[in-house]
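The chain contents come next:
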Amino acid sequence: MDGEREIRAKPRAMIAGIPKTPSAPGFMCEENASGLLYIAYPSCNAVAVVDAATGSVVSALEFDDEGAVQIADVLICENECDGGAFTTNNKARPVAIELSSEGQHLFIGAENSNRLSVIDLTEEGLPENFSQIELEGEIGLYKVAVSDRLAIGGDSGFFGAGNDGYRRFVYAIASDQSIRVAQVDAEGDIQECETQADP
């Protein structure tokens, strides 16, 4: 629901936000849903941020004609259910979303764009800023996965125990069947570091 309007579009991917107070192992989940859900709607060219308790859209990440992300308060989608019309356009169609382990960043891939989007989230899980990188080639991104923050460099001989700052790695399955790798540093700068990974 967006306000009083139902979203009658087909979602492609969904991920739940990180709980503020995670349950300890062995404890039952709360009876009522809580927290935020991030839902990719490719035909809307957007990712909706939904309050799980009410089902209402509280924010939306919309892709414009240039491929940039616009943060909006409402989400407007055409009805593609029950025989509703479906209109195609050249905007990015998000189909892959992933959340960092601490819940501070949302990563978005689109099936018709080579841009990987990184969304900065507030402590409440709402979007506030974004950055993007254009991966090499005319590709789309079908799936993304994200590593934890790793300490890079050094000569300790132990993986993740370096002293050259922290990096996070994003792995994307592309439409050409390659696996792309990009690194995100502590300042949020993104750099593609592998373009020829085997499928």
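In the block above lies the structure referred to throughout.
### Brief notes about the overall build of the protein chain
Then comes step 1: When its secondary structure is counted, the protein chain shows zero helices and 14 strands.
Then comes step 2: Put simply, the protein chain runs from its N terminus to its C terminus through helices and strands in the order β-β-β-β-β-β-β-β-β-β-β-β-β-β.
Then comes step 3: Buried residues in the protein chain amount to 39% of all 199 residues.
Then comes step 4: Long-range pairs, those at least 24 residues apart, make up 47% of the contacts in the protein chain with a sequence separation of at least 6.

### Here we look at the sheet that holds strand 7 (residues 105–110)
Then comes step 1: Strand order in the open sheet formed by four strands is 6-7-8-9, with antiparallel pairing between adjacent strands. The outermost strands of the open sheet, each flanked by one partner alone, are strand 6 (94–99) and strand 9 (127–134). On average, each strand axis in the sheet is inclined to that of its neighbour by 20 degrees, with strand direction left out of account.
Then comes step 2: Two elements, strand 6 and strand 7, share five bridges in a ladder whose sense is antiparallel. Paired with Leu-99 across the bridge in strand 7 is Leu-106.

### Details of unusual backbone geometry
Then comes step 1: Residue Asn-45 is not a glycine yet carries a positive backbone phi of 55 degrees.
Then comes step 2: Residue position: Asn-45 is located in the loop between strand 2 (36–41) and strand 3 (46–51).
Then comes step 3: Note on Asn-45: relative accessible area 6%, which makes it buried.
Then comes step 4: Of note in the backbone geometry, Gln-177 takes a positive phi value of approximately 75 degrees without being a glycine.
Then comes step 5: Along the chain, the position of Gln-177 falls in the loop between strand 12 (166–174) and strand 13 (179–185).
Then comes step 6: Note on Gln-177: relative accessible area 49%, which makes it partly exposed.

### Some words on the pattern of salt bridges
Then comes step 1: For the structure shown, the criterion picks out six salt bridges.
Then comes step 2: Close ionic contact of Arg-12 with Glu-111 constitutes a salt bridge, the shortest N to O distance being 3.4 Å. Remark: Glu-111 occurs in the loop between strand 7 and strand 8 (115–121) and Arg-12 occurs in the segment before strand 1 (13–16); sequence separation between them is 99 residues.
Then comes step 3: Given a relative accessible area of 45%, Arg-12 falls into the partly exposed group.
Then comes step 4: A salt bridge links Glu-111 to Arg-93; the nearest nitrogen and oxygen atoms lie 2.6 Å apart. Of the two residues, Glu-111 is situated in the loop between strand 7 and strand 8 and Arg-93 in the loop between strand 5 (69–72) and strand 6; the sequence distance between them amounts to 18 residues.
Then comes step 5: On the accessibility criterion, Glu-111 (22% relative accessible area) is partly exposed.
Then comes step 6: One connected set of salt bridges, linked through shared partners, spans Arg-12, Arg-93 and Glu-111.

### Side note on the pairing of strand 8
Then comes step 1: Burial within strand 8 is extensive, with five of its seven residues counted as buried.
Then comes step 2: In the sheet, strand 7 pairs with strand 8 via four bridges, with the strands oriented antiparallel. Within strand 8, the position partnered with Ile-108 by the bridge is Ser-117.
Then comes step 3: Pairing of strand 8 with strand 9, which is carried by seven bridges, proceeds in the antiparallel orientation. Residue Val-118 lies in a different strand from strand 9, and its bridge partner there is Ser-131.
Then comes step 4: Adjacent in sequence and paired antiparallel, strand 8 and strand 9 are bridged by five residues, among which Gly-125 carries a positive phi angle near 90 degrees.

What counts, and where the lines are drawn
Residues numbered from 1 in each chain as written. Predicted model: local features only at pLDDT ≥ 70, side-chain atom pairs only at ≥ 80, totals over all residues. Heavy atoms only, no water. Helix = DSSP H or I, 4+ residues; strand = E, 2+ residues; numbered from the N terminus. Buried < 20%, exposed > 50% of the residue type's maximum accessible area, 1.4 Å probe, protein only. Contact = heavy atoms within 4.5 Å. Pairing = 2+ DSSP bridges. Axes fitted to C-alpha atoms, helices over the stretch in contact; angles between N-to-C directions. Salt bridge = Lys/Arg side-chain N within 4 Å of Asp/Glu carboxyl O.

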